[in-house]
Amino acid sequence: MNKSNPRLKQQLEEQPLDTQGFDRPRALVKSIDEDLAPLLDLAQRPIVSANQFSRNQILQLARLAARFETQPQMITRPLTGKILISAFYEPSTRTRVSFEAAAKRLGMHVINISATGSSVEKGESLEDTFYTIQAMEPDCIVVRHPEEGNAARLAAVAEPGIHIINAGDGTAAHPSQALLDALTLKQSFEEFSQIRLVMAGDIRHSRVARSAIKMLSALGIGEIRLAGPPEFVPGESTTAGTRVYNDLDSAVRGANAIMMLRIQKERISGLDIPDAAQYHREWGLNRERLNLADKNCVVLHPGPMNRGVEISSEVADSPQSLIRRQVRNGLHTRMALLLTLTRRQA
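Just so it is clear, the structure is predicted and the values come from calculations on it, not from any experiment.

Analysis parameters
- Residues numbered from 1 in each chain as written.
- Predicted model: local features only at pLDDT ≥ 70, side-chain atom pairs only at ≥ 80, totals over all residues.
- Heavy atoms only, no water.
- Buried < 20%, exposed > 50% of the residue type's maximum accessible area, 1.4 Å probe, protein only.
- Helix = DSSP H or I, 4+ residues; strand = E, 2+ residues; numbered from the N terminus.
- Axes fitted to C-alpha atoms, helices over the stretch in contact; angles between N-to-C directions.
- Parallel < 35°, antiparallel > 145°, perpendicular 65-115°, else oblique.
- Left-handed = near helix turned anticlockwise from the far one by under 90°.
- Contact = heavy atoms within 4.5 Å.
- Nonpolar A, V, L, I, M, F, W, Y, C, P; charged D, E, K, R; others polar.
- pLDDT = per-residue confidence, 0-100.
- Pairing = 2+ DSSP bridges.
- 1 Å grid on protein atoms, 1.4 Å probe; cavity = no way out; pocket = protein on both sides within 12 Å on 5 of 7 lines; lining within 4 Å.
- Points joined across faces, edges and corners; volume = space filled by probe spheres on them.
- Arc of directions from axis to C-beta.
- Core = buried A, V, L, I, M, F, W, Y, C linked by side-chain atoms within 4.5 Å.

**Quick notes on the pairing of strand β3 (residues 140–145)**
Part 1: In terms of burial, β3 is largely enclosed, as 6 of its 6 residues are buried.
Part 2: Judged by which residues are buried, β3 turns out to be covered on both faces: Cys140, Val142 and Arg144 on one side and Ile141, Val143 and His145 on the other are all buried.

Below, the structure is given as structure tokens:
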């Protein structure tokens, strides 16, 4: 259960932003009571969508991730001898490398597969590639694919004991990114209900946005505001429960958290790519716009960033930026996820 802690609240409000140190993770560990039952239940299922997690599961994963960071002595390579196969059919830096680093820190062997250089170039289907690597008896398979729903399709035919993790499928879902974003916000706010979050940019083509909206809504976030050019704003199935703004200045006014999103050029079909300089003037987060928000407003970005397009370097590198903290949280969140999924076998 999540405890209300007046002392923690005062610390969060009064102390300077601790974007790289241990103060916030330690406070998070103390604010959440340990409860392993939700994680044991999670271990029975593939990880394919952000809306499959209960509130308690999210909080317990966040707590475990924070413990990995602040109590490194607990990392005793508990998954030594186990195998993770990383099958990425799209380019990736943060997600692929953090899954690999997380697995190796836990003692796992990691095998990387990409479309380039694999049998995909010889015409092999995704399903046949999956059946091939599944026959090698890995413990976890992390999949990224440009087509929506493929992670769930593979999970449906996975053999017992093989854990499938969706590392991004088209514009649909990116559950581990949503988990690390929730952890990052929880480290800055005592309660999710206090958060007034702006998500701005290319929301329509962003699986990060869709997953974050689902997960943060389940956690009881105070408010989600969406802002972007009309062609980048999704339909009602995604925006339900949020407030949509047609200019960034209005959206950020009074906000205490802002997540900027890049233009998903690789997913845009039939739309003109905006001029970078003009886009930055109208939709980029600069210091002047950030000053419209709450004085303690934090800034997030899932990466990769396009400096001078959706965000200025001044903001990205400012004390209010949690962007590097997100990357660090990604490592520990994925460690928590891998350990949870293989806990029984370990």
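**Things to note about the packing of helix α8 (residues 175–186) against helix α9 (residues 207–218)**
Part 1: Following both chains from N to C, one finds α8 and α9 inclined at 55°, their axes separated by 8 Å at the closest point. The orientation of α8 with respect to α9, classified from their angle, is oblique. Crossing handedness for the pair α8 and α9: right-handed. On the side of α8, the interface is formed by Pro175, Gln177, Ala178, Leu179, Asp181, Ala182 and Leu185, while α9 contributes Val208, Ser211, Ala212, Met215 and Leu216.
Part 2: Looking at the contact of α8 with α9 residue by residue, the classes come out as 9 nonpolar, 2 polar and 1 charged.

**Comments concerning the confidence of the model for the chain**
Part 1: Residue-level pLDDT values for the chain average 91, and 92% of them are 70 or greater.
Part 2: Contacts of residues 11–17 to residues separated by more than four positions or lying in other chains number 12 contacts, the stretch itself having pLDDT below 50.

**Points about the sheet that holds strand β6 (residues 223–227)**
Remark on secondary structure: sheet strands pair via backbone hydrogen bonds, oriented parallel or antiparallel.
Part 1: Sheet architecture is open: 5 strands sit in the order β7-β6-β5-β8-β9, paired in parallel fashion. What marks the edges here is a single partner per strand, and that holds for β7 (243–245) and β9 (298–300). Taken pair by pair, the neighbouring strands of this sheet meet at an average axis angle of 20°, ignoring direction.
Part 2: Bridge analysis of strand β5 (residues 196–201) against strand β8 (residues 257–261) gives 5 bridges, and the strand direction is parallel. Within the sheet, the bridge partner assigned to Val198 lies in β8 and is Ile258.

**Remarks on empty space enclosed by the protein**
Part 1: As enumerated under the stated definition, the model contains 5 cavities of 30 Å³ or more in all.
Part 2: Considered as a void within the structure, the largest cavity measures approximately 80 Å³ in volume.
Part 3: Around the largest cavity sit Arg94, Ser98, Gln177, Leu180, His301, Pro302, Gln326, Val327, Gly330, Leu331 and Arg334, which together line it.
Part 4: Listing elements by their share of the lining of the largest cavity, those giving two or more residues are α5 (94–105), α8 and α15 (323–341).
Part 5: When grouped by side-chain class, the residues that make up the lining of the largest cavity number 4 nonpolar, 5 polar and 2 charged.

**Side note on the packing of α5 against α15**
Part 1: Axis separation between α5 and α15 bottoms out at 8 Å; the angle between their running directions is 50°. Considering their axes alone, α5 and α15 lie oblique with respect to each other. The interaxial crossing formed by α5 with α15 has right-handed handedness. The residues of α15 that touch α5, namely those facing Arg94, Thr95, Ser98, Phe99, Ala101, Ala102, Ala103 and Arg105, are Val327, Gly330, Leu331, His332, Arg334, Met335 and Leu338.

**Some remarks on helix α6 (residues 126–134)**
Part 1: Those residues of α6 not exposed but buried are Leu126, Thr129, Phe130, Ile133 and Gln134. For α6, the buried positions fall inside an angular range of 130° around the axis, keeping them on one side.
Part 2: Contacts from the buried residues of α6 go to β1 (83–88), β2 (109–114), β3, α7 (150–156) and β4 (163–169).

**Looking at the nonpolar core**
Part 1: Judged by nonpolar contacts, the single largest core of 63 residues is most densely connected at Met199, Met215, Leu216 and Leu338.
Part 2: Per-element tally for this core: the top contributor is helix α4 (residues 55–70), with 8 residues.
Part 3: Each residue touching Met199, except ones within four places of it in the same chain, is listed here: Ala209, Ala212, Ile213, Ile224, Arg225, Leu226, Ala227 and Met259.
Part 4: In terms of nonpolar packing, the next biggest core, distinct from the first, is built from 25 residues, Val252, Ile263, Ile268 and Leu285 among them.

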